[in-house]
Every structure is written in C-alpha cells, then in structure tokens.
Amino acid sequence: MPIGGVGEVGHNMMLIKTTNEWIIIDCGVLFPHDNFLGLQYLIPNFTLLEENRDKVTTLIITHAHEDHIGAVPFLWMRLPHLKILAPPMAKELILLKTKQYLGNAPLVDKHTFPSLEQLEGNISTYNHGNILTFQDVTIYPVSVNHSIPHTHGLIIQDKEKEVSSFYASDCKYDADSPYETAIDFDYINKITKSSKIKFLLLDSTNILRTDKTPSEKNLIKPLNKIIKNLSGRIFVTFFPSNLHRLQTFINLAKILNRKLVYYGRSLKTYSEIGFKLQLINHLTETRLTELSDDLSSSLIQATPDNEILVLLTGCQGDYKGALNRVVSGQDPLFKLREGDTIIFSSRVIPGNEKKIAQIYNKIYQQGAKIITANDELIHVSGHPGQEDIKIFVKKIAPTHFVPIHGENYFLYKHAEFINHHFPSIKTYVINNYDAISITSNFDIEHIKGNELRNLLPPSFVLEDNVIIDKGAINRRKKLASKGVVFISVVLFKNDTPPQIKIDFFGLPAFIEGDHYQEELCKLIDSQIKTTTSEQDMVATIARYLTLHLNYRPIIRLHLITQPTQLTQQTI
C-alpha cells in the first residue's frame, strides 16, 4: 500500500503489511511547483502509522534522494522505536538532516523529542547481497543504477518463497557506467526462481521516452570537448547529489588543467560524504564556502579565466542557490561578464520552467553563453526509458506488474505499454492508499483506498519544520490575494457612542482614505443601533467592501463591551 509517491513524483512511502508487522519503504518529501506562503514541501500523512505504532517495526530506505529520505526526521520523532535500514550514503544524510531538524525544531516540540544519539542507535546500513529477515517476509537488497550512488531495489519474498515482488522506484539500466556495476538480473532470478507469483513494481518517470536512457559514460566525451574548446570562465550547474557526475568534472578538471571550485553548501555536503564513503576520489577542489570572503576573492582574482571551472548549486533556479545569485548580480565573488559560459548539466524539473527561463534571460542579457542538454549530450536521466523497461521485464519475467513513481498520466501510460508489449502480464494501476492484497491461497485483489486518501491527505511543512494543515494554507492564500480588514468596536453600557478602530492590510490605498474610513464607521454605528450580532455586522461590512472593491477581503470584527468610556489609545 503506497501512502505517498504514487500518482505524483515525491513524498514516496510504501507500506508492506503482513500478518505480524508493518514495514515501511522510504519516507520522502514533495516540493511544491511554486514556493509560496512559506510552504517548503509536503510530507506523507503519518496518522495511519501512528495509530498502528505497535505493528510498525522497520523503515527501509532505498536511496538518498530527498523525495525518499526528506521526511525521515518527522517520522522518526513520532515513532522513535522504529528501526531504520539504509544504504551508507542515505544513512549519512539522514543523520545530518535529523541533526538540522533538531536544531530548527519548534520550541514547543523540542522537549518531546529523543536525542540524536538515541536515534542514531536505531539506524543500520545494508548493501547489495545482504539479507534482511523479518517475521513473515525476507527482503533482499539489489543494487540498481540511478543518479545517486547506493541506490537499491528490493526483492520482497514470503518465507515459503512462493510470492516475490521486485520493488524498484528509482532506477535505470546502465551496463556501461564507469562508476557502478549494472543491475544483477541473474541474482534476482536466483532468489525468485521458485516463486509462483512474481510482481514487478517499476519506475514510471520516463515512460514517455521511447528510447533507452543513455549511460553516464556517454557524457564524458561531449563535456571534455566543450570544456576544452572554451576559453573564458566556465560555470557548471548540476544536481549535487549526483556524485558520478561530480567525479566526471573532477576528472575533466584535472585532464584539462582547470582549477575546480565548488560554490554552494550542498556541494560541500555531498562531496564530503562522497569522499568519506570513497564514492569520489582525487578531491583537489577548492570549496569557497570554507574560506573567508577576502581569501575567496583573492583566489578568484589570481586565477586566469581559462584556468577556472566553477561548479554551482541551484540548477533548478532555486532562489538561494549559487546559480541564481551569480546570474542576478547579487553574488559577492562572481559577476557574469561577456565571455563566460554556463553549462547546464541537468534537466528542468516540471514546474520550474519559468524560473529557468528567467535565469537564461539574465545570462544572455549580460553577454554570457549557455550550453544545455538541448545543445549537446551533457545530461542523462536516472530513470528508465521504454527500451530499459523492456529489458527489466524480459530479464525478470514477472507474472504481475504495478507501475509506480510517477504522476497518474505516467502510471496509465506505463500500464498501456506493458499491456501492449507483454499482454500475458496482469497489470494494476494503483494510487495512494490503494492496496494489492495477496492471500495464502494466492488470491490477488486490488483494494481501492478512496476513503483513506480523502481522510489522510499529505501534511504541509513551513519554514523551520512547522507542520500546517491544508485549511490554514487555503486561508493564507486568501489573505495574500484578498487582504484583510481588522475592525475593533468598543461598546459601552451607558449612552456613550461606540469607539471604532479600522485597520486595512493588503488592500488598495484608496479604501484606506478618510472618506471610506468615515463611511464605514457610520455604517457600523448605524448597524449597532439595530443589532450587535457579529454575523449580521460582518455581512453588512462585507457588502459595503464588495461594492467598492468588487471582491471581499477577509474581515475580522472584534466587539468589546466596557462599563465605562476608554481613550482612543486604549483600543
């Protein structure tokens, strides 16, 4: 049963429910298309897990991308007994994220949270070939190719080995990668050969691509040629979690005699973890985040333009990313100028097109050049195209298929693709909270989760890790688009006229003028003589404002009864 991540790309969480325990796979975040109203990201709804905390025993992480680990601290704090099994790189990032989470947690919650040391004792690492044993199932991690090291698929098998499921939410098939081995299909078949039922749950992200996803190896020659033929300063932006890509730039900088400069904190974080785990080598770069401004400036000025290669964070146009600072002229060290080139070794995530277009415009306005994956083969995906999917299906030979990790359109296109090319395979298109139930008699049922899906929507997280409900977000939207009027009315028990104070926020300036203030005060005073019902007064005020604004702002009315007269300053 998926709790998140099916029918969307983000906040991945899959639940395995057996007779004796519940096992969770992944716990990630979903970034909104636009960063608005303080909303940072969405996380899965943990209500079902918290209500069944005695059954939930283990969280297994498949890899270290944010949409698979970003919500772990939130879950960990609510279920501190949970055992976590993760690949080494994911473990390092989870501990780092949890430390940051504890440091920024709302004060009201801090006294209820366990310490980082307590939590650290509950997390263990696994690797390809390990066997994870549970009460009713055995799980076998399998290394798969992806855009971040230590990514795994999972074979989930009952104790009798009659039912096997291979779960691969993020993967591709790369037999030529210089940085990691290809997926071992022989190992999968060895584990699952005796199973009567074989499920394949597979990544749907690139189902619209009719070809095979190229290898990371295919980028090396084009990037070498581009960098070799450029004479000015070169800036490169890419996903910093892709340590294979980072290793390519480390190698090219050494070959082409360019001084490699890391600019951005996430590059520092990922590179340090990569070096610690021996996932990257020849670490001779300069990390400007560690130097003082004076030292950084001196270093940059002392390096000739044709001897520098700057790696920038923020390839999606992130407001706080190094790329946006540089192209916006707000960076203290780098100012774009004619002769500079920015290489985008990344794809544009759907929803970020406008931000990236603005970045492109700013670059060209300053006389610099751009090279993207539309010009040269300088980026490859970490997800399977249709030809890769054929390889997975032919090698694994499933009896049943479930498309996962994709928006609804992708899931249905993936199912259509399987039905067309492999008609003997039974396919299921599921959504969050749908369940595929397999009984001991091998009866298989697709159970719809519409009721749970409506009751348990994802949670919204604001800055500083504060969770807010969807209703509050909707009210924030209305505040931002309509504005608000605060009205305080003090009523006296004698014949003293009421005192009225009106404050406008986010409304056009004309409505705040003396004329409208006086008109509104007269209207309120007149209304008080006939009723003191707040509901009736708000309705009257709303009609007046709608008449003059053509829309209704939020109205907050406070009626205060006092025995004696107050001064205006008291209100």
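Our subject is the structure listed above.
Within each chain, residue numbers correspond to sequence positions counted from 1 in written order. This being a predicted model, a pLDDT of at least 70 is required before a residue's local features are given, and a value of 80 or more before pairs of side-chain atoms are given or counted; all residues contribute to the totals for chains, interfaces and linings. Based on all heavy atoms of the structure, the side-chain values leave hydrogens and waters out of the count.

Caption draft 1: Expanded view of empty space enclosed by the protein. A 1.4 Å probe that fits into a set of points on a 1 Å grid over the protein atoms alone but cannot get out defines a cavity; an open set with protein on both sides within 12 Å along at least five of seven lines defines a pocket, and lining residues are those with an atom within 4 Å of a point. Grid points are joined across faces, edges and corners, and a volume is the space filled by probe spheres set on the points. For the structure shown, the criterion picks out one cavity of 30 Å³ or more. What the largest cavity holds in volume is close to 40 Å³. Lining the largest cavity we find G4, G5, V6, N12, M13, M14, Y167, S169, I404 and H405. Residue polarity is assigned by list, with Asp, Glu, Lys and Arg as charged and Ala, Val, Leu, Ile, Met, Phe, Trp, Tyr, Cys and Pro as nonpolar; anything else, Gly included, falls into the polar class. For the lining of the largest cavity, a count of residues per class yields five nonpolar, five polar and no charged.

Caption draft 2: Here's a closer look at the pairing of strand β25 (residues 459-462). Buried residues are those whose accessible area, probed at 1.4 Å on protein chains only, stays under 20% of the maximum for their type, while exposed residues exceed 50% and partly exposed ones sit between those limits. What counts as a helix is a DSSP run of H or I of at least four residues, what counts as a strand is a run of E of at least two, and both are numbered from the N terminus. Residue alternation in β25 divides its side chains into two sets, S459 and V461 and F460 and L462, and both sets are buried. Two strands qualify as a pair provided DSSP detects at least 2 bridges between them. Across four bridges, the pairing between strand β5 (residues 39-43) and β25 is antiparallel. The residue of β25 that forms the bridge with L39 is L462. Pairing of β25 with strand β26 (residues 467-468), which is carried by two bridges, proceeds in the antiparallel orientation. Within the sheet, the bridge partner assigned to V461 lies in β26 and is I467. The turn joining β25 and β26, which pair antiparallel and follow one another in sequence, is formed by four residues; a positive phi near 65 degrees is taken by D464.

Caption draft 3: Focus on the sheet that holds β26. Pairing is antiparallel across the open sheet formed by three strands, whose spatial order is β5-β25-β26. The open sheet terminates on both sides in strands that have one partner only, identified here as β5 and β26.

Caption draft 4: Main features of the environment of N206. Within the secondary structure, N206 sits in the loop between β13 (197-203) and α8 (220-229). When its relative accessible area of 12% is taken as the criterion, N206 is described as buried. In this structure, the C-alpha to C-alpha distance between N206 and H383, residues 177 residues apart in sequence, is 6.0 Å. Two residues form a contact once any of their heavy atoms are found within 4.5 Å. Dropping the residues within four chain positions of it, N206 is found in contact with T213, S381, H383, P384 and G385. Each polar contact in these results corresponds to two N or O atoms within 3.5 Å; when the atoms are within protein, one needs to be able to donate a hydrogen and the other to accept it, and residues that are neighboring in sequence are counted only if both atoms are side-chain atoms. Side-chain polar atoms of N206 contact the backbone oxygen of H383, separated by 3.2 Å.

Purely geometric stuff here, so don't read any function into it on its own.
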